[in-house]
Amino acid sequence: MPTPRHTLVTGANRGLGLEFTRQLLVRGDRVVATCRRPGKATALNRLAGEHPGRLHVLPLEVAEPASHAELVCELPLVLGADGRLDLVLNNAGVLHSGERFGSVGAAHLEDSFRTNASGPFLLTQALAPLLADGARVANLSSRLGSIGTTARFGTPSYNISKAALNMATVLLAQALADRGIVVVAFSPGWVRTDMGGSDADVAPEDAVGGVLRQVDALQTGDSGRFLGTDGAAIPW
């Protein structure tokens with residue numbers, strides 16, 4: 001991978017997305033950090049002030065294809081006419097907690113699917129012309145999206161959407177293979193963020209560091225895999 005890389009992070013205003021942005025900047029990358037409401041992303045804007053010219057904050061609603069198109073139009077202005085993205089981190093996601101069988105609603109299922117699965121798929125498709133040959137696309141999935149290891153009923157909207165993201169990862173890997181672009185789904189573990197809660201067992205900095213180490217180690221033959229932060233394959 002080139003150093004510095006041009007990297008795009010979705011859902012960068014908090015949690016893992018904000019930590020990805022921090023660590024990528026420390027590594028020397030040029031980062032495009034996206035979120036729904038940049039004007040309210042206080043911590044992200046503070047980082048932009050600390051790294052002038054290397055961090056650009058742009059609006060993105062992952063679930064809205066029209067927002068994808070607007071981002072694609074904006075990116076050449078920050079990447080430069082000949083600039084290409086070397087790494088895309090599809091991190092933005094949603095989890096609707098408290099769902100119970102018998103009362104799971106269509107609205108939660110639809111919102112989860114649009115944000116966690118179809119959004120990353122359609123965004124990557126839209127970004128494809130701006131990806132460098134040999135680029136990496138990392139989709140932030142979850143072990144809860146593993147069909148083979150499911151042993152209880154819980155967070156159905158989230159689990160179903162992450163299983164769909166895993167299929168999207170495999171399909172994108174096939175679609176982009178002829179350009180040497182590697183697309184992989186990663187489970188960062190149960191992380192202490194607003195989504196994961198305070199009881200989670202992995203610190204955000206450890207989860208992000210683990211994902212980035214595995215991204216650095218990816219080979220062409222890894223495209224389409226579902227991996228943990230230790231590089232071990234997770235059952236589909």
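See the structure shown above.
To keep things clear, this report deals only with the structure shown in the data block. Within each chain, residue numbers correspond to sequence positions counted from 1 in written order. Restriction of local features to residues with pLDDT of at least 70 applies here, the model being predicted, together with a cutoff of 80 or more for giving and counting side-chain atom pairs; totals for whole chains, interfaces and linings are based on all residues. With hydrogens and water excluded, all non-hydrogen atoms of the structure serve as input to the side-chain values.

**Here's the deal with the sheet that holds strand β6 (residues 182-187)**
What counts, and what does not: For two strands to be treated as a pair, DSSP must find at least two bridges joining them. Helix and strand definitions follow DSSP, with helices as H or I runs of at least four residues and strands as E runs of at least two, each counted in order from the N terminus. Lines fitted to C-alpha atoms define the axes, with helix axes restricted to the stretch in contact, and inter-axis angles between N-to-C directions lie between 0 and 180 degrees. The criterion used for residue contact is that any of the two residues' heavy atoms lie within 4.5 Å.
One open sheet accounts for 7 strands, arranged β3-β2-β1-β4-β5-β6-β7; its pairing is parallel. Edge positions in the sheet fall to β3 (55-59) and β7 (226-228), since each of these pairs with one other strand and no more. Ignoring strand direction, the axes of neighbouring strands in this sheet form an average angle of 25°. As paired elements, strand β2 (residues 30-35) and β3 share 5 bridges and run parallel to each other. By the bridge assignment for β3, Thr-34 is matched with Leu-58. The sheet strands contacting helix α2 (residues 42-50) are β2 and β3, and the helix crosses β3 at an angle near 145°.

**So, the pairing of strand β5 (residues 131-140)**
The line we're drawing: Relative accessibility thresholds used throughout: buried, under 20% of the residue-type maximum; exposed, over 50%; partly exposed, between the two (1.4 Å probe, protein chains only). Look down the strands so they point away from you; if the path from the first strand over the helix to the second goes clockwise, the crossover is right-handed.
For β5, the buried fraction is high: 8 of the 10 residues fall into the buried class. For strand β4 (residues 85-90) and β5, the ladder comprises 5 bridges, and the chain directions are parallel. Across the sheet, residue Leu-87 finds its bridge partner in β5, namely Arg-136. Remark: the β4/helix α4 (residues 106-127)/β5 crossover connection has right-handed handedness. With 5 bridges connecting them, β5 and β6 associate as parallel partners. Counterpart to Val-137 in the pairing with β6 is Val-183.

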